[in-house]
Every structure is written in structure tokens, then in C-alpha cells.
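# Tertiary structure, described
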Amino acid sequence: VDLKSLKILKSLAEKKKDEGLRVVLIGPPGSGKGTQAPIIKEDYCLCHLATGDMLRAAIEQGTETGKQAKTIMDQGGLVPDEVMVNMIKENIQNPECKKGFILDGFPRTVPQAEKLDKMLSEDNKKIDHVLDFSIDDSLLVRRITGRLVHLPSGRSYHREFFPPKTEMVDDVTGEPLIQRSDDNAEVLKKRLESFHKNTKPVLGYYHNKGILSTIDASQSASIVSSTIKSIFLSTLHFPHNSSIFKTFLPKPILVTESPVAGETIPVSSKL
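Note that the structure is predicted; figures quoted are calculated from it, not measured.

### Quick notes on the sheet that holds strand β4 (residues 129-134)
Read from one edge to the other, the open sheet built from five strands follows the order β2-β3-β1-β4-β7, with strand pairing classed as parallel. Strand pairing shows two members of the sheet lacking a second neighbour, β2 (47-50) and β7 (212-216), which therefore form its edges. Neighbour-to-neighbour, the strand axes of the sheet open up by a mean angle of 20°, direction not taken into account. Of the strand pairs in this sheet, strand β1 (residues 21-26) and strand β3 (residues 100-104) are connected by five bridges, and their pairing is parallel. When the sheet's bridge partners are listed, Val24 is paired in β3 with Leu103. Lying on the sheet, helix α8 (residues 185-209) is in contact with β1, β4 and β7; it crosses β1 at an angle near 145°.

### Some details on the layout of surface pockets
Approximately 240 Å³ is the volume found for the second largest pocket. If you trace the second largest pocket, you find 15 residues lining it, with Ile92, Gln93, Leu120, Asp123 and Lys125 closest to the centre. If you list the elements that add at least two residues to the lining of the second largest pocket, you get α1 (3-19), α5 (81-92), β3 and α6 (110-121).

### So, the packing of aromatic side chains
All told, the structure shown has three aromatic pairs when counted by the stated rule. Seen in terms of ring centroids, Tyr44 and Phe232 are 5.1 Å apart; in terms of plane orientation they differ by 90°. Their pairing is edge-to-face. In this pair, Tyr44 is assigned in helix α2 (residues 33-44) and Phe232 in helix α9 (residues 221-233), connecting sequence segments 188 residues apart. Of the two residues, Tyr44 and Phe232, neither departs from the other in class, the shared state being buried.

### Overview of the packing of α6 against α8
Where α6 meets α8, the closest approach of the two axes is 8 Å, and the angle between their N-to-C directions is 40°. Comparing their axes, α8 and α6 come out oblique. Taking contact as the criterion, the partners of Val110, Ala113, Glu114, Leu116 and Asp117 in α6 are, on α8, Pro201, Val202, Tyr205, Tyr206 and Lys209. When its residues are assigned to classes, the contact of α6 with α8 shows seven nonpolar, no polar and three charged.

### Details of the side chain of Thr51
You can see Thr51 is positioned in helix α3 (residues 51-61). Residues contacting Thr51, with those up to four places away along its chain left out, are Met84, Met87, Asp104, Gly105, Phe106 and Arg108.

### With respect to the side chain of Lys33
Here Lys33 shows up in helix α2. Beyond its immediate stretch of four places on either side in the chain, Lys33 contacts Leu25, Ile26, Gly27, Pro28, Asp104 and Phe133.

Reading the values: the criteria
- Residues numbered from 1 in each chain as written.
- Predicted model: local features only at pLDDT ≥ 70, side-chain atom pairs only at ≥ 80, totals over all residues.
- Heavy atoms only, no water.
- Pairing = 2+ DSSP bridges.
- Helix = DSSP H or I, 4+ residues; strand = E, 2+ residues; numbered from the N terminus.
- Axes fitted to C-alpha atoms, helices over the stretch in contact; angles between N-to-C directions.
- Contact = heavy atoms within 4.5 Å.
- 1 Å grid on protein atoms, 1.4 Å probe; cavity = no way out; pocket = protein on both sides within 12 Å on 5 of 7 lines; lining within 4 Å.
- Points joined across faces, edges and corners; volume = space filled by probe spheres on them.
- Phe/Tyr/Trp six-rings, centres within 6.5 Å; stacked < 30°, edge-to-face > 60°.
- Buried < 20%, exposed > 50% of the residue type's maximum accessible area, 1.4 Å probe, protein only.
- Parallel < 35°, antiparallel > 145°, perpendicular 65-115°, else oblique.
- Nonpolar A, V, L, I, M, F, W, Y, C, P; charged D, E, K, R; others polar.

Spelled out as C-alpha cells, the structure:
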């Protein structure tokens, strides 16, 4: 690749980096979203917004949106789309979301997707990629029943497929892992029925927008991670520590006086 092309590529990549990266993860429970989200978060300096965690945090912090949600939930109702979108809007204004975000658990319906797009467009932003974690339901039973979670961070492990370095201990903090009480085959079957019924139209919505990528989530975590990076690379979204952001342009030529009066000679013109 010639120097001019490298300059153009670097310029485009830096523009994309400045604009940020906004990603939606869609997939049934046990499809690997919980494994991939922290990797994406770290590689691209994004914030991870899981709707359940956001709701709990908003209620605990007593925000206006949290108060609205609590009132509705205490009455046994479902939190309206507008409240959820407002909660996302509040969260993406936090400093850790400056470079973009990962949305997990939202949108679940086409109206939610439309409201999310409208909210982002008001700030001249948009969803860049929607990742569909596709996997056969029969494989999910093995995944779910062996799943382990570090609650404070949301990191996920698996007894068989992605075990922690030390049994039942988080690799990063050394804190204990748990297995959720609803991670069993009976509960999973009901959740999958609901997921497929509600999600199919959402996938169609994003497919029509040209930003949906379907991933074979039955593959190993490392292969799925590489696939995701390739998808992001297709729109020139590079990991924040990519060599593309390191200078590869020639350094200025240094000159010094020549023994011959009035002449200068180059000292260094290496990269």
C-alpha cells in the first residue's frame, strides 16, 4: 500500500474513531453476548448498557426516570418505551460513553427500535452495527446450565466452554462467581419462545437498514470475537489500540550544515 493510501485510510479511521461506535447486541440467553460485550467494551472504549442493570441503577439512584419506572413496576406494569429510551439517553451522556456504547436487551420490539433511532438522530447519531448472535436452541441448554456470572461487572464464564482460571472465581477481581437461579432448561424454553416471537421483526427492521450482521454464535468465543472485529473493520471502526492510529508518516527530514559553505545535507529521513 502506498503512502497516500495509508494517509487516507488513517484519516478515515480517525474520523470514525471521533464519531464513535454504537452497537446493538441481539441474541437469546446463552448465545454469548455476555462474553463478547466486555471484550468489545475494552477493545473500542465503549460503555456497556444492559437494560436490566440500567433500570436497577436508576431506581437505586432515585433519578426522575428511575422514579417513573419504579412506580410502574410496583404496580405490576411494564416500563413504557419512552421511559426506557429516556433512560438510555441519560446514560449515553455519561463520560464513559463518549466513544460510543453497546446496547444489550434493547430494543426488543420494532417500535422500541424506531424510538431509539429517533432519539439518536436528534443528536446526529445512529446505530452503526446490530449483531445477531444466531445459535440453535438445542445448544443453548448446555450453555445455560453451565453458565457462571460475576455480578458486579457482568462478566460471564462457562464451566465447560469458557471456564475461569480458578474454579468459581472471577479472573479479573478474584471475587466469587454465581449461577443464576433461572439458568435452567425449563425457564430457558419459555424465554426462548418469547425471544423468537418478539425478536424476528426487530431483526427484519435492522436488516432493511443494512446494518444487521448475523454471527454463528455456536463457534468458540475467540472465533466469534474475531468475526465481530471483521464486521466493525468493514466500516473502518478499528480497536482503539490499533496500529492504524500510530504514526506511520515519514518524520521531517533533519538537516545540518555541510562542510561546504551554503549547503545542507539530510541527517535522517527514516520512518
